[in-house]
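Reading the structure
Single-letter residue listing:
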Amino acid sequence: MEVRRHDVIIVGGGAAGLRAAVAIADADPSADVALVSKVYPMRSHTVSAEGGAAAVARPDDSLEDHAFDTVKGSDFLGDQDVIQYFVEQAARELILLEHWGCPWSRNEDGTVATRAFGGMTTKRTWFARDKVGFHMLHTLFQHSMRYAQIRRYDEYFVTKLLVDGGAVRGVTALDVRSGELFVIAARAVILCTGGGGRAFPFTTNGNIKTGDGMALAYRAGVPLKDMEFVQYHPTGLPRTGILITEAARGEGGYVRNADGERFLVERDYGVGTKAELGPRDMISRAIVQEIEAGRGLKGTYGEYVHLDLTHLGEAHIEAKLPFVRELARTYVGVDPVHEMIPIRPVVHYMMGGVDVDIDGATDLPGLYAAGETASISMNGANRLGSNSLTECLVFGARSGEKALEFARGSSDASEDVLRQQGAEEGARIDALRGKRKGGEKMAVIREQMAAALERGCGVYREESSLEEACRALAQLRGRYADLGLEDASRVFNTELVAALELGNMLDVAEAVANSALPRKESRGAHTRKDYPHRDDQNFLYHTLCSFDPGGPRIGKKPVTLGRWEPQERKY
Amino acid sequence: MSVPAHPQAMAPSRPGRTRTAPPQRPDQAPFGGRYRSHTLFGATGFVYLLLGLLALEAVWALGGGSASWSGFQASLASPFMIAIHAISFVSVIFVGVRFFRLFPKAQPPRLGPVRPPPAPVIIAALYAVWIGASVLFAAILAGGIL
Amino acid sequence: MGEQKKTFVVTRFDPDRDDAPTTREYEIAVQPDWKTLDALNFIKDHVDGTLAYRWSCRMAVCGSCGMMVNGEPRLTCKDVLSQYGDTVHIAPLANFPVVRDLVIEFDGFMEKFERVKPWILRAKEKAVEEGTHRQSPEQLADFQHFSMCINCMLCYAACPVVSNEPAFLGPAAIALGHRYNLDSRDEGNGARNQVFRGDGTVFSCSYANECSEVCPKKVDPAAAVNQAKIGALLDWAKGLVLPRGGPE
């Protein structure tokens, strides 16, 4: 079995992973970084982000305002030391990206333009038309091509973290093209694999968002934090779940029910004067309530409401929201200049993830995580739109630097130990490939997992449906062991990769449901019908979920408060 | 249905870890769909070659005195020569139309503060100049003016 | 809901088992609002789990799912299935070596891409403390549409020169290099134009315009390539007279 050696391994080549790689190469040109991704980096799901990236840029804005908006948006579950560091570094990161070529949209005077976004008191969201994720990812990727010391492993699927002597020593990675398993040794590993939205039936997430990094950490004994907090983005297209950016509301779009009412204004959903620009969790809840009250529209793929951009005019839409127009026409046959877009809440982001500290470090020495994969926790119980892209940059950079520092002080595991672990993993993978005798079909398990999550961990949750989801997922885990696969090929076996991804999604799903059950309150994106109020007395803590063969173990971790004590979250 | 492309088309500098099937063209070259226009465009080079040889012959004839020049002019009236000229005429129009269609795209986005005029305007201007100059030259050569 | 059946004739190839690619037929019921990718996903989930292909975002922005559909290069997640008749042929993207089934090898593209130096080249980097560069909306408009390339490589499948000349840089790589040449923050025209005149030169382009016709993002690579020809030529002429400088 071939063993490759590098100083640091980064798993995942999206915004966080690429930024970490560049940070390491900039900090130390002699460092040798492996960027291991199951897709070529420009395919990473960062590419689909549309709205913008937030940073304080205007003189009428302040770091304190950005920090407070984020803390309040998180429903006071965000760690305030993390948030403080974030707002301080945000502008620096976006300026660096501009220097690297990112085509930020501009004001007439040549300065970077900003737009309004949900939950932000001032315009501080930098944008590049309405394809910010695309431009940021391509800028970062193209910039990273300058560094010969960033060694890319394109289309290598990391299957396991190798741990020896109480620290992470590397990974096993499946070369998807040849079917060969490699051991890649390093003194530090950074997980930047995004979230796991594909475990749910309706999601903005692409096929690759299967929670791989979260599962890798989970299986290595690292707890996942705050997994119950799953963000439903209010404006996704029915059936496909394709994202219609918050920027559509930021540019003045309205949300209307079947009666044409702007219900966020006409009725009290807690968003106050912010109306359509309230935080995502509140708007998603409002839409679900409108539909349950019978004021939704009925379609072939379920019920929905309308996003109305018709009053903005063609010129404005073409200038600021051209991609939105293209998506609406291509995927629902609607021209937003003349008609309203059908939308419904869909899973978009996971506030939860691998438990890390402000350096991006887990409690397993040598293991780091950044971006959506991590819960650091910047977003607490609910994330504000346009904070995530900046978060990937700020904490991608920090965790890269910290991982490098750690690697410099650490040591290598013996090659024999790594080979031994690699051989065991190789046998496991070979046994899975083309496993014909299983009776279960992958598509069936996937659909049932998604259905269980939809029923139990939707926008509104309650005790009985959560318990049912936990049971169903445990059962599916058992059935997964009996999976039957058809493809026995070694070369580019996508069925094998999908089976590994399904295992990862089951881990993530289990963590979500089991974390949600004991939280008997409503906070941020986690809303309980049976416990509709926030309970700071008993539940102001982060939930930890650790893997255990007998069923997930739930723990608690204190929230780092700071300048702001929890207050009522009203807009 | 599919035809092999050049065996090294889009090949990486070092072979990958697994054997690949060779690249296929999207259409039947040289005259299938996408290739038709490309092949004809390349073939016009042959036409230019012929015209070039004809020009050399004309210069040679000129150098030989007025008798040889008259002989050369008479030879241009043969059906073969007329056919060559007809094909050349079609080729030039073909290349011209193709080039004009692309010409607006090849303009830089702007020169200082000035942006080029919209594509239809540029194309119209090109045709105007082309047709105008052709008519003028035809009139001169036919002896109508000068 | 009207249920219609279509037959999909899909290219299959496993290098461990097959000497050359073959086809397999799948007849399935299709929905009127499906894209071609939806049909492939249905086949993989419910009919034949061994079918291999790339896809991810399903919203025409990641560039993974380019394939030949009835002989035309298409982004299958955007490609409307109902436009086709009863039989749909799906093959891997033309002009690329094939790894497996509908999966192509595109490391050749990645190499050409890196050669054009697709990054901001400056003699001296601006310090972060100085803030962003000033760039007017007009300056941004100069190159913005060329920056929209999602690297889907449909243009490489359509280009007749790519089929014939392995060294040719190709539409997307040239368009991305040209994007940086036009960016007011970049100073690397000299270095890039040398690449444009070198191996795989932009002058191999024969004005076919097929690349721009198939581009799903309206990048108009033909415009970029032909602008690049003029830029490279002027740069060469200038270099005869003036000393060469600029960052590499």
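What you see is a predicted model, and the numbers here were worked out from it, not measured in a lab.

Let us now look at the overall build of chain C. Helix and strand counts for chain C stand at nine helices and seven strands. Projecting the C-alpha coordinates of chain C onto the three principal axes gives extents of approximately 65 × 40 × 30 Å. Taking all 248 residues of chain C together, 65% fall into the buried category. Of the contacts formed within chain C by residues at least 6 apart in sequence, a portion of 63% connects residues at least 24 apart. Of the side-chain charges in chain C, 28 are positive and 34 negative, and the distance between the mean point of each set is 5 Å.

On to the interface of chain A and chain B, then. Listed by partner, the interface residues are nine residues for chain A and four residues for chain B. Here chain A and chain B share an interface that buries about 440 Å² over both sides, 44% of which is from carbon and sulfur atoms. Contact with chain B buries surface across chain A, with Arg177, Ser178 and Val491 of chain A losing the most and accounting together for 69% of the total. On the surface where chain A and chain B come into contact, there are two salt bridges. Where Glu180 of chain A meets Arg17 of chain B, a salt bridge forms, and the shortest distance between an N and an O atom there is 3.4 Å. The interface formed by chain A and chain B contains three residue pairs in polar contact (both at pLDDT 80 or more). Here the residues of the side of chain A that touches chain B sort into three nonpolar, one polar and five charged.

Further remarks concern the nonpolar core. Core analysis: the biggest nonpolar cluster contains 169 residues, and Ile10 and Trp104 of chain A together with Phe8, Phe109 and Tyr156 of chain C have the highest contact counts within it. Looking at which element gives the most residues to this core, the answer is helix H1 (residues 15-27) of chain A, with eight residues. Beyond its immediate chain neighbours, meaning those up to four positions away, Ile10 of chain A contacts Gly17, Ala20, Ala21, Ile24, Val33, Ala34, Leu35, Val36, Ile190 and Cys192 of chain A. Tyr232, Val288, Val354 and Ile445 of chain A belong to the second-largest nonpolar core, a separate cluster that totals 92 residues.

Here the focus is the sheet that holds strand E24 (residues 553-558) of chain A. What holds strands together in a sheet is hydrogen bonding between their backbones, with the strands either parallel or antiparallel. Residues and elements named next belong to chain A. Spatially, five strands are ordered E20-E18-E12-E23-E24 in an open sheet, and the strand pairing comes out mixed. Looking at strand neighbours, the two that pair on one side only are strand E20 (374-375) and E24, the edges of this open sheet. Alignment of strand E23 (residues 541-546) against E24, held across six bridges, turns out to be antiparallel. Each bridged residue has a counterpart across the sheet, and for Tyr541 the counterpart in E24 is Pro558. Where helix H5 (residues 212-219) meets the sheet, it contacts strand E12 (224-225), strand E18 (353-355) and E23, and its direction lies at approximately 35° from that of E18. Packing against the sheet, helix H15 (residues 494-516) makes contact with E12, E23 and E24, and its axis sits at approximately 135° to E23.

Glancing now at the interface of chain C and chain A. In this complex, chain C contributes 73 residues to the contact, which on the side of chain A involves 70 residues. Summing both partners gives a buried area of about 5900 Å² for chain C against chain A, and 51% of it is carried by carbon and sulfur. Area buried by chain C at its contact with chain A is led by Arg58, Met59 and Val128 of chain C, which between them contribute 12% of it. As a salt-bridge pair, Glu98 of chain A and Arg185 of chain C come within 3.1 Å of each other at their nearest N and O atoms. For the side of chain C that touches chain A, the secondary structure elements donating two or more residues are helix H1 (36-47), strand E6 (98-100), helix H2 (107-115), helix H3 (137-143) and helix H6 (171-182) of chain C.

Okay, the sheet that holds strand E2 (residues 22-30) of chain C next. Residues and elements named next belong to chain C. Spatially, the five strands line up as an open sheet ordered E2-E1-E5-E3-E4, and their pairing is mixed. Taken across any chain shown, the strands that pair with only one partner, and hence form the sheet edges, are E2 and strand E4 (72-75). When the angles between neighbouring strand axes are averaged without regard to direction, this sheet yields 35°. Two elements, strand E1 (residues 4-12) and E2, share nine bridges in a ladder whose sense is antiparallel.

With that settled, consider the domain arrangement of chain C. Residue and element names in this part refer to chain C. Taken as a whole, chain C is organised into domain 1 (4-104) and domain 2 (107-241). For domain 1 and domain 2, the distance between their C-alpha centres works out to 30 Å. Between domain 1 and domain 2, the contact holds 15 residues from the first and 15 residues from the second. Together, the buried faces of domain 1 and domain 2 total about 1000 Å²; carbon and sulfur atoms form 65% of this surface. Per-residue buried area on domain 1 facing domain 2 is highest for Pro73, Asn95 and Phe96; these three make up 44% of the total on that side. Applying the counting rule to domain 1 against domain 2 returns zero salt bridges.

Now for the domain arrangement of chain A. Residues and elements named next belong to chain A. Per the domain assignment, the segments making up chain A are domain 1 (3-229 + 349-414), domain 2 (233-347) and domain 3 (432-558). One C-alpha centre belongs to domain 1, the other to domain 3, and the line joining them spans 23 Å. Counting from both sides, the interface comprises 39 residues of domain 1 and, opposite them, 42 residues of domain 3. Here domain 1 meets domain 3 over a buried area of about 3600 Å², counting both sides, of which 61% is carbon and sulfur. Taken as a group, Tyr218, Arg219 and Glu228 account for 21% of the area that domain 1 buries against domain 3, more than any other trio of residues on that side.

It is worth spelling out helix H3 (residues 79-102) of chain B at this point. Between the first and last C-alpha of H3 of chain B there are 35 Å, a value that for 24 residues agrees with the 34 Å anticipated at 1.5 Å per step. Within H3 of chain B the residues assigned to the buried category are Met81, Ile84, Ser88, Ser91, Val95, Gly96, Arg98, Phe100 and Leu102 of chain B. Residues of H3 of chain B that are buried in the fold lie against helix H1 (33-63), helix H2 (66-75) and helix H4 (119-141) of chain B together with helix H9 (221-241) of chain C.

For the structure on display, the rule yields 81 salt bridges over all chains. Of the charged contacts, one joins Glu425 of chain A and Arg428 of chain A as a salt bridge, the two residues approaching to 2.9 Å between their closest N and O atoms. With Glu425 of chain A and Arg428 of chain A both in helix H12 (residues 415-432), this residue pair falls three residues apart, about one helical turn. Judged by its relative accessible area of 4%, Glu425 of chain A falls in the buried class. On the accessibility criterion, Arg428 of chain A (41% relative accessible area) is partly exposed. A salt bridge links Lys105 of chain B to Asp220 of chain C; its shortest N-O distance comes to 2.6 Å. Of this pair, Lys105 of chain B sits in the loop between H3 and H4 while Asp220 of chain C sits in the loop between helix H8 (210-214) and H9, each in a different chain. Each of the salt bridges in this network shares a partner with another, and the network as a whole consists of Asp75, Glu228, Asp281, Arg285, Arg519, Glu521, Arg523, Arg534, Asp536 and Arg569 of chain A.

By the definition in use, this model includes 22 aromatic pairs over all chains. Centroid distance Phe68 of chain A to Trp564 of chain A: 5.3 Å. Interplanar angle 50°. Geometry classified as tilted. Here Trp564 of chain A lies in the segment after E24 and Phe68 of chain A lies in helix H2 (residues 63-73), a separation of 496 residues in the sequence. With a relative accessible area of 13%, Trp564 of chain A lands in the buried category. Measuring from centroid to centroid gives 5.9 Å for Trp34 of chain C and Phe42 of chain C, while their planes differ by 45°, and the two rings are tilted. Looking at Trp34 of chain C, the relative accessible area reads 10%, which means it is buried. In this structure Phe42 of chain C comes out as partly exposed when scored by relative accessible area, which is 30%. Following the ring pairs from residue to residue traces out a cluster consisting of Phe41, Phe99 and Phe103 of chain B together with Tyr207 of chain C. Looking at Arg151 of chain A, its charged tip hangs above the ring of Tyr153 of chain A, at a distance of 4.7 Å from the centre.

Residues and elements named next belong to chain C. Contact geometry for H6 and H9: axes closest at 8 Å, N-to-C directions at 65°. Crossing of H6 over H9 shows left-handed handedness. Contacts from Pro171, Ile174, Ala175, His178 and Leu182 in H6 reach Pro221, Ala224, Val225, Gln227 and Ala228 in H9. Partitioned by chemical class, the residues of the contact of H6 with H9 number eight nonpolar, two polar and no charged.

On to unusual backbone geometry. What you tend to see is this: most non-glycine residues have negative phi, and most peptide bonds are trans. Residues and elements named next belong to chain A. In this structure, the amide linkage connecting Ile376 to the following residue, Ser377, adopts the cis form with an omega of -15°. Residue placement: Ser377 occurs in the loop between E20 and helix H11 (387-409). Its identity as a non-glycine residue notwithstanding, Asp75 has a phi of 55°, on the positive side. Considering the arrangement of structural elements, one finds Asp75 in the loop between H2 and helix H3 (80-99).

Rules behind the numbers
- Residues numbered from 1 in each chain as written.
- Chains lettered and ligands numbered in written order.
- Predicted model: local features only at pLDDT ≥ 70, side-chain atom pairs only at ≥ 80, totals over all residues.
- Heavy atoms only, no water.
- Helix = DSSP H or I, 4+ residues; strand = E, 2+ residues; numbered from the N terminus.
- Buried < 20%, exposed > 50% of the residue type's maximum accessible area, 1.4 Å probe, protein only.
- Contact = heavy atoms within 4.5 Å.
- Lys, Arg positive; Asp, Glu negative; His and termini not counted.
- Charge placed at Lys NZ, Arg CZ, Asp CG, Glu CD.
- Buried area = accessible area lost by both parts, 1.4 Å probe.
- Salt bridge = Lys/Arg side-chain N within 4 Å of Asp/Glu carboxyl O.
- Polar contact = N/O pair within 3.5 Å; in protein donor to acceptor, adjacent residues only side chain to side chain.
- Nonpolar A, V, L, I, M, F, W, Y, C, P; charged D, E, K, R; others polar.
- Core = buried A, V, L, I, M, F, W, Y, C linked by side-chain atoms within 4.5 Å.
- Pairing = 2+ DSSP bridges.
- Axes fitted to C-alpha atoms, helices over the stretch in contact; angles between N-to-C directions.
- Domains from an automatic or database assignment.
- Expected span 1.5 Å × (residues − 1).
- Phe/Tyr/Trp six-rings, centres within 6.5 Å; stacked < 30°, edge-to-face > 60°.
- Lys NZ or Arg CZ within 6 Å of the ring centre and 35° of its normal.
- Left-handed = near helix turned anticlockwise from the far one by under 90°.

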